[in-house]
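# Descriptive structure summary
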Amino acid sequence: MTQISQSVSLDRQGRVAVVTVNNPPVNALSHHVRQGLRDAIAQAAGDSGAAAIVIACAGRTFIAGADITEFGKPPQEPTLSQVQDVIERSPKPVVAAIHGTALGGGLEVAMTCHWRVGVKTARLGQPEVKLGLIPGAGGTQRLPRLVGVDRALSMIVGGDPIGGEEAKRLGLVDEIIDGDLTAGAIAFAERVVTEKRPLRKVRDLDDKVGAARGKPEIFSEFRKSVARQTRGFKAPEACIRAVEAAVSLPFEQGLARERELFLETLSSPESKAQRYFFFAEREAAKIPDVPAETPAAEIRKAAVIGAGTMGGGIAMNFANVGIPVTVVEIAKDALDRGLGVVRKNYEATAAKGRLTKDDVEKRMGLIQGTTDFNAVADADLVIEAVFEEMAIKKDVFARLDKVAKANAVLATNTSTLDVNEIASATRRPESVVGMHFFSPANVMRLLEVVRGEKSAKPAIATAMAIGRKINKVPVLVGVCHGFVGNRMLHQRAKQAERLLLEGASPQQVDKVLTDFGLPMGPFAMGDLAGLDVGWRIRKGRGERAAVADRLCEKGRFGQKTGSGFYKYEGGDRTPRPDPEVERIIQEVSREAGVQRRQITDEEIRERLLYPMVNEGAKILEEGRAIRASDIDVIWVYGYGWPIYRGGPMFWADQIGLKTIRDRLLGLQKQTGDDFWRPAPLLNKLADQGRGFLDK
Ligand code: NAD
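Here the focus is the overall build of the chain. In terms of regular secondary structure, the chain is built from 29 helices and 18 strands. In terms of overall dimensions, the chain is globule-like: its C-alpha atoms have a radius of gyration of 29 Å, near the 26 Å expected for 695 residues. By principal-axis analysis of the C-alpha atoms, the chain measures approximately 90 × 60 × 55 Å. For the chain, the residues scored as buried account for 54% of the 695 residues in total. Partitioning the contacts of the chain with sequence separation of at least 6, the portion at a separation of at least 24 is 72%. For the chain, the exposed area adds up to about 30,100 Å²; of that, 52% sits on carbon and sulfur atoms. Positive and negative side-chain charges in the chain, numbering 98 and 88 respectively, have mean positions lying 0 Å apart.

We now examine the packing of helix 14 (residues 332-351) against helix 15 (residues 357-366). Look at helix 14 against helix 15: their axes get within 9 Å of each other, and the N-to-C directions meet at 155°. Classified by the angle between their axes, helix 14 and helix 15 sit roughly antiparallel to one another. The hand of the helix 14/helix 15 crossing is right-handed. The residues of helix 15 that touch helix 14, namely those facing L339, V342, R343, Y346, E347 and A350, are V360, E361, R363 and M364. Among the residues forming the contact of helix 14 with helix 15, the class breakdown is six nonpolar, no polar and four charged.

This part is about the pairing of strand 1 (residues 2-5). Direction of pairing for strand 1 relative to strand 2 (residues 8-13): antiparallel, over a ladder of three bridges. In the strand pairing of strand 2, Q3 is matched with S9. Linkage of strand 1 to strand 2, two consecutive antiparallel strands, is achieved through a turn of two residues.

Not every one of the 20 residues close to the ligand is listed here, only the nearest: M310, E329, E388, K393 and N413. In the environment of the ligand, an oxygen atom lies 3.4 Å from a nitrogen or oxygen atom belonging to the backbone of V386. S415 is positioned such that a nitrogen or oxygen atom in its side chain is 2.9 Å from an oxygen atom of the ligand. Where the shell around the ligand is concerned, the elements lending two or more residues are helix 13 (309-320), helix 16 (390-403) and strand 16 (432-437). Across the shell around the ligand, the residue classes tally to nine nonpolar, eight polar and three charged.

Taken N-terminus to C-terminus, the directions of helix 12 (residues 269-283) and helix 26 (residues 628-639) make an angle of 105°; their axes are 9 Å apart at the nearest point. Regarding the angle of helix 12 to helix 26, the classification is roughly perpendicular. Contact residues: Y276, F277, A280, E281 and E283 in helix 12; S629, D632, V633, V636 and Y637 in helix 26. Tallied by class, the residues present in the contact of helix 12 with helix 26 amount to six nonpolar, one polar and three charged.

Counted by the stated rule, this structure contains 15 aromatic pairs. A ring pair is formed by W635 and Y639, whose centres lie 4.2 Å apart and whose planes are at 20°; its orientation type is stacked. One end of the pair, W635, and the other, Y639, are both in helix 26, four residues apart, so they sit about a helical turn from each other. What makes W635 buried here is its relative accessible area of 0%.

Rules behind the numbers
- Residues numbered from 1 in each chain as written.
- Predicted model: local features only at pLDDT ≥ 70, side-chain atom pairs only at ≥ 80, totals over all residues.
- Heavy atoms only, no water.
- Helix = DSSP H or I, 4+ residues; strand = E, 2+ residues; numbered from the N terminus.
- Rg over C-alpha atoms; globule rule 2.2 N^0.38 Å.
- Buried < 20%, exposed > 50% of the residue type's maximum accessible area, 1.4 Å probe, protein only.
- Contact = heavy atoms within 4.5 Å.
- Areas by Shrake-Rupley, 256 points an atom, 1.4 Å probe, with all protein chains shown as cover.
- Lys, Arg positive; Asp, Glu negative; His and termini not counted.
- Charge placed at Lys NZ, Arg CZ, Asp CG, Glu CD.
- Axes fitted to C-alpha atoms, helices over the stretch in contact; angles between N-to-C directions.
- Parallel < 35°, antiparallel > 145°, perpendicular 65-115°, else oblique.
- Left-handed = near helix turned anticlockwise from the far one by under 90°.
- Nonpolar A, V, L, I, M, F, W, Y, C, P; charged D, E, K, R; others polar.
- Pairing = 2+ DSSP bridges.
- Near = heavy atom within 4 Å.
- Polar contact = N/O pair within 3.5 Å; in protein donor to acceptor, adjacent residues only side chain to side chain.
- Phe/Tyr/Trp six-rings, centres within 6.5 Å; stacked < 30°, edge-to-face > 60°.

Next up, the structure:
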């Protein structure tokens, strides 16, 4: 065996040269891998004893993509396309042996080989679109030549990988290997030589792209089918255009067009935001004083107290990953109702074909309902999701303290109450944390893990780890009213109300935010959640929201009563503007002595979003979030902030903190309202010309 570069070696088995990439953990296409591949192929091509070449990878995967640590650095030769040229032009047949994941640049390398073999469990895909990019090394030109235009479009625009067997069916791999992969690949290569098969260069294949030539409807229909999911993103359209080029242009020109489109997406603000977010999400898992080696308890059994809206959804998360979970309710009828909703949810998923009947029963079988509180005794983690009342929560935690295992983690799902006070009801506040799920709890990915004053590091590590295990995105936050997400939302809500009084309509305000890319505006969202919820909380805190309160007084609680900020007709969830609401708003304005006027969309956007940024700054300086990017992760996963705008803090940096600070100062001066006072951190950064995310 010859070591060609730090990560690539060359060996010969009979008349087949075997090039092995060994660049743990995922065999990314680092500089030394590219160099090693180029030189190994050249050397094998010159080896008179070698008749064919296999490219295989050590460890758990084929080349899984680009080396993300090289992102943003000046490119170093050989470039990926230079390496691909050497492979494709090799006079001896080259066979890729694929296991694990062949993604992005990895799949693009495999597609320059003359043949591909792989194991059934392999996953192959072009996920670039998820970073706001298009495949930039021939993927958009070669994939349609192998799998056809329809599948290439769905793979490149969707970004999700396909399995080995599907890849075989589609023609992306030529043979599935059941036993030892490298041995199978060598045998395949031997056969190619023996049968004297001509080199099969993907660039020269034309039948599958030819089939789509002169049929522009394929593309227009595809565009229509993805319009909703891709709204606001730049890369999906660029992906489609690149595949169009594969159909309409000769290969080399198609490659050039792909390059152009790749560079366009690379420099787009959308991709910049998406790539930023990719790292932000990974960063959120890191807690400076709770290092990765902090022992996290294994959760073999979980318990949830309360089977209401949240409790049922939370329990589903555990059953979904095979962890048995006990659900405790006060009364049998509440329990039956709660578990009934869970079953209905699973059955609805099964009806859509996304779960088998067996799975439904298996999951229901993992959820054990009871009214016996002692049933939590063997749980490693207990999550409380009872009514939002301090006295009840404290009673529950005092009882948990008596029956739960000594080392169990005790979590509360409270949205507004003080986790420290809840913890004080136990003799083990170090075991208490918040686990703030978002509704619907079985769907929404965000999990705010709340660190109490006394929460021990292993308890935090356990909550973060189990959060990931149940497919959530856990973000650590500190104790404060509303934690991070709702605390910022609250500032936005105050302005939304105020804008109504000053002359905007609910539909105008909502549209500004949906145009911005959020899934819903504050008023449609209020109607969906139920306006009575906020009304009750405000009453408890002695706060008011003049318009929303007036609607509630009239029994308009939102969708559930058929009217709220909008009206809902015939069981339809579409919000319809309601002249009655317009009248109520005018009445409340008059009573408050507010002069109504035309308000521009721009003013609405600034007045809704800048206070959120300002609150984010306060959260950061109080240390309730570890870093600005964590706030962005919370907003993307918890509230549907468009990922192509990074998150509120990233977005603020793009606008410039000075611009935002000055606008806040202007509003403060104009209204005399301290609500607008810029946070000290925002002031400081604006003065220094820096952003929240500058290092
Ligand atoms: P819910 O009223 O739908 O459910 C609460 C359930 O707890 C009821 O079924 C009730 O019977 C049960 N319960 C009450 N006391 C109990 C006790 N002592 N023992 C066992 N069960 C008891 O409320 P929800 O919307 O599910 O909210 C639950 C918690 O989750 C609250 O703290 C709330 O603030 C929080 N939360 C709610 C949302 C949301 O959108 N609904 C989102 C995040 C967090």
